[in-house]
Amino acid sequence: QVRLVESGGSLVQPGGSLRLSCAASGTSLRFSTMGWYRQAPGKQRELVAQITSGGGITNYANYADFVKGRFTVSGDTAKNTVYLQMNNLKPEDTALYYCYAFVQATHYNYWGQGTQVTVSS
């Protein structure tokens, strides 16, 4: 059974930093993409950042516009790990952050349980 386990969420003051971690276990599946979504209360889940491998590309990172320059995604799809370094956090970054992993062969997404990030003074 595939499990994605996130950690690192916390309460932080505006301008602070956090690092989220996610590791997948219980599988020999090859993930082509791993990354992070977030969902704030009353809002839809939105993509934050992801890494993608395949077609000669390894762990290519891309970001939502609202986090460019502040967040950095890293990890290794071959090792089933993904991280999110979040700097200069803003109150609007407050959300439940979900790790996900996508299998190209089956077009199926696996999800973690989420880790809460709260940015408040």
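Predicted, not measured: the structure shown is a model, and the values here were computed from it.

Draft legend 1. Here's a closer look at the overall build of the chain. The helix and strand tally for the chain stands at zero helices and eleven strands. Computed over C-alpha atoms, the radius of gyration of the chain comes to 14 Å, within 12% of the 14 Å expected from 2.2 N^0.38 for 121 residues, which places it in the range of a compact globule. When each of the 121 residues of the chain is scored for burial, the buried share is 38%. The contacts in the chain between residues at least 6 apart in sequence include a share of 54% that link residues at least 24 apart.

Draft legend 2. Region of interest: the environment of Lys 90. You can see Lys 90 is positioned in the loop between strand 8 (81-86) and strand 9 (95-103). Spatially, the C-alpha atoms of Lys 90 and Ser 7 are 20 Å apart, while their sequence positions differ by 83 residues. Apart from the residues within four sequence positions on either side, Lys 90 is in contact with Arg 70 and Val 119.

Draft legend 3. Region of the structure containing the nonpolar core. Judged by nonpolar contacts, the single largest core of 28 residues is most densely connected at Trp 36, Val 48, Phe 71, Val 82, Leu 84, Met 86 and Tyr 97. At the level of secondary structure, the elements contributing two or more residues to this core comprise strand 3 (18-25), strand 4 (33-39), strand 5 (46-54), strand 7 (71-76), strand 8, strand 9 and strand 11 (115-119). The element best represented in this core is strand 9, accounting for five residues. Dropping the residues within four chain positions of it, Val 82 is found in contact with Leu 20, Ser 21, Cys 22, Met 34, Gly 35, Trp 36, Ile 51, Val 73, Ser 74, Gly 75 and Cys 99.

Draft legend 4. Representation of the state of the cysteines in the model. If you walk through the whole model with that rule in mind, you get one disulfide. Here Cys 22 pairs with Cys 99 through a disulfide, and the sulfurs are 1.9 Å apart. Since a negative S-S torsion denotes a left-handed disulfide, the Cys 22-Cys 99 link at about -75° is left-handed. With Cys 22 in strand 3 and Cys 99 in strand 9, this pair connects stretches of sequence that are 77 residues apart. Given a relative accessible area of 0%, Cys 99 falls into the buried group.

Draft legend 5. Highlighting the side chain of Ser 32. Mapped onto the elements, Ser 32 comes out in the loop between strand 3 and strand 4. Among the residues examined, Ser 32 registers a relative accessible area of 13% and is labelled buried. With sequence-adjacent residues up to four places away left out, Ser 32 is seen in contact with Ile 51, Thr 52, Ser 53, Thr 77, Phe 102, Val 103 and Gln 104.

Draft legend 6. Fine view of the side chain of Thr 33. Relative to the helices and strands, Thr 33 resides in strand 4. Within the structure, the side chain of Thr 33 is placed 3.3 Å from the side chain of Thr 52, a separation counted as a polar contact. What Thr 33 contacts, discounting residues up to four positions off in sequence, is Gln 50, Ile 51, Thr 52, Tyr 100, Ala 101 and Phe 102.

Draft legend 7. Representation of the pairing of strand 1 (residues 3-7) within the structure. Covered by surrounding structure in strand 1 are Leu 4 and Glu 6 only, the residues Arg 3, Val 5 and Ser 7 on the alternate face being uncovered. Pairing geometry for strand 1 and strand 3, over five bridges, is antiparallel. Following the sheet pairing, Leu 4 is matched in strand 3 by Ala 24.

What counts and what doesn't
Every chain's residues receive numbers from 1 upward, in the order its sequence appears when written. Per-residue local features of the predicted model are confined to residues with pLDDT of at least 70, and side-chain atom pairs are confined, for both listing and counting, to 80 or more; whole-chain, interface and lining totals are unaffected and use all residues. With hydrogens and water excluded, all non-hydrogen atoms of the structure serve as input to the side-chain values. A run of H or I in DSSP becomes a helix once it reaches four residues, and a run of E becomes a strand once it reaches two; helices and strands are each numbered from the N terminus. For a compact globule the rule gives 2.2 Å times the number of residues to the power 0.38, and the radius of gyration it is set against comes from C-alpha atoms. Only protein chains enter the area calculation, which uses a 1.4 Å probe; residues under 20% of their type maximum are buried, those over 50% are exposed, and those in between are partly exposed. Here, residues are in contact when the closest pair of their heavy atoms is within 4.5 Å. Note on terminology: a nonpolar core comprises buried Ala, Val, Leu, Ile, Met, Phe, Trp, Tyr and Cys residues joined through side-chain atoms within 4.5 Å. Any two cysteine sulfur atoms within 2.5 Å of one another count as a disulfide. We call two N or O atoms a polar contact when they sit within 3.5 Å, provided that within protein one can donate a hydrogen and the other can accept it, with sequence-adjacent residues counted only if both atoms are side-chain atoms. Only strands that DSSP links by at least two bridges are regarded as paired with each other.

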